[in-house]
Amino acid sequence: MRVLRLKKYLIGVMFAVFSCALSMGLTHTVKKAENLYRISLKYGVSMESLAAYNGIKDKNSLRAGQVLKIPSKTVKIATRVSNVSPPPKSQTASKSLRVIIDAGHGGKDRGAVWGGVRESDLNLKVARRVEASLKSKGYPVTMIRRSDVFVDLRRRAEISNKYRNCIFISIHFNATPHTGVRGAETFYVGKRGSFLAKSIQSHLVSNLKVRDRGYKFKKFSVLSHTLCPAVLVECGFISNSYERSRCKTSSYQAAAARAIVSGVERYDRTY
Ligand SMILES: [Zn+2]
């Protein structure tokens, strides 16, 4: 069955390459929730050349239905043709997915501070655990920060936008003046971001035994300027005294990190 699907897929890809070689004026109609990065990957061209070719100044300004011209030298296509299924995930190189880990805040920006607990410190502790675990599983990892330093939000997105085939995970702890509020929640932008957020959130809730505040679309600056699937994880509320006492323990931080890693693995297996 798998061999048959792979065969169908290869025939589809060959057909796409052939069609493209014949067609000098290849175009692409932007789909809902599709970004320039995804399209550049699809056609094997750099994002910069695609933007320049179409006179796009703001890479986040694509809209559904917009027609883009694909640079004509492109014949290397790894796109899916409609009614052709991709090969099963087990036959693809899943470990090449790069994970960009963003420990929120840092340096002069301490994030939330409650009961002597600094959010920026907790974020970094979880981030370093996630880094170690993902590396041990063979994932390439990029850390936005590894120490208590300030990194501008735009800069965080710029660092991640240097990479292809990556996902971006910003790690935070939550706070609110309503000190009764607690639980974990995950935010995302983009369709693939929603898959990743759903996957991480479900593991957070089961690993940490915390209230499920869900996964939600939200255009945080650090997410909306990032081109790869991007999520922001809020591991718990340090403004709630019960949850704060849990959040500052290494066992809670380790469980949060495991949840994030499990979420990444499930995402990587599925998409
Ligand atoms: Zn934060």
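Turning next to the packing of helix α6 (residues 191–208) against helix α9 (residues 250–270). Contact pair α6 / α9: the axes reach a minimum separation of 8 Å and the direction vectors enclose 140 degrees. In the packing of α6 onto α9, the handedness of the crossing is right-handed. Taking contact as the criterion, the partners of Arg-192, Phe-195, Leu-196, Ser-199, Ile-200, Ser-202, His-203, Leu-204, Asn-207 and Leu-208 in α6 are, on α9, Tyr-252, Ala-255, Ala-256, Arg-258, Ala-259, Ile-260, Ser-262, Gly-263, Val-264, Arg-266 and Tyr-267. In terms of residue class, the contact of α6 with α9 is built from 12 nonpolar, six polar and three charged.

With that settled, the discussion passes to the coordination of the zinc ion. His-105 (NE2), Glu-119 (OE) and His-172 (ND1) make up the full set of protein donors to the zinc ion, lying at 2.1 to 2.2 Å. Each donor residue of the zinc ion lies on one chain, and together they are spaced H-x13-E-x52-H. Taken together, the residues span a long stretch of sequence, with Glu-119 in helix α4 (residues 119–136) and His-172 in strand β7 (residues 166–174) at a distance of 53 residues. Pair check on accessibility: Glu-119 and His-172 agree, each one buried.

This part takes up the packing of aromatic side chains. Within the structure shown, the criterion is met by five aromatic pairs. Centre to centre, the rings of Phe-187 and Phe-220 are 5.1 Å apart; their planes meet at 85 degrees, and the pair counts as edge-to-face. Pair noted here: Phe-187 is in strand β8 (residues 184–189) and Phe-220 is in the loop between β9 (212–217) and α7 (221–224), with a separation of 33 residues, a long-range link. Aromatic side chains Tyr-188 and Phe-217 sit 6.1 Å apart centroid to centroid with 70 degrees between the ring planes, which places their arrangement in the edge-to-face category. You can see Tyr-188 sitting in strand β8 and its partner Phe-217 sitting in strand β9, a full 29 residues away along the chain.

Attention shifts here to the confidence of the model for the protein. Residue-level pLDDT values for the protein average 83, and 80% of them are 70 or greater. Scored below 50 in pLDDT, residues 9–24 makes 21 contacts in the model with residues more than four places away or belonging to other chains. For residues 73–93, every residue scores under 50 in pLDDT, and the model assigns this stretch 44 contacts once sequence neighbours within four places are set aside.

The first and last C-alpha atoms of α6 sit 26 Å apart over 18 residues, in line with the 26 Å expected at 1.5 Å per residue. By the burial criterion, the buried members of α6 are Gly-193, Ser-194, Leu-196, Ala-197, Ser-199, Ile-200, Gln-201, His-203, Leu-204 and Leu-208. Of the surrounding secondary structure, the elements contacted by the buried residues of α6 are β7, β8, β9, β10 (230–237), α8 (241–247) and α9.

Now for the sheet that holds β9. Strands in a sheet are paired, the pairing made by backbone hydrogen bonds, and the direction either parallel or antiparallel. Pairing is mixed in the open sheet, where six strands are placed in the order β6-β3-β7-β10-β8-β9. In this open sheet, the two edge strands, each paired with only one partner strand, are β6 (141–143) and β9. Direction aside, neighbouring strands of the sheet carry axes that sit 20 degrees apart on average. Pairing between strand β3 (residues 98–103) and β6: three bridges, direction parallel. Its bridge partner being in β6, Ile-101 is matched across the sheet by Met-143.

Analysis parameters
- Residues numbered from 1 in each chain as written.
- Predicted model: local features only at pLDDT ≥ 70, side-chain atom pairs only at ≥ 80, totals over all residues.
- Heavy atoms only, no water.
- Axes fitted to C-alpha atoms, helices over the stretch in contact; angles between N-to-C directions.
- Helix = DSSP H or I, 4+ residues; strand = E, 2+ residues; numbered from the N terminus.
- Left-handed = near helix turned anticlockwise from the far one by under 90°.
- Contact = heavy atoms within 4.5 Å.
- Nonpolar A, V, L, I, M, F, W, Y, C, P; charged D, E, K, R; others polar.
- Donors = N, O, S within 2.8 Å, 3.2 Å for Na, K, Ca; no water.
- Buried < 20%, exposed > 50% of the residue type's maximum accessible area, 1.4 Å probe, protein only.
- Phe/Tyr/Trp six-rings, centres within 6.5 Å; stacked < 30°, edge-to-face > 60°.
- pLDDT = per-residue confidence, 0-100.
- Expected span 1.5 Å × (residues − 1).
- Pairing = 2+ DSSP bridges.

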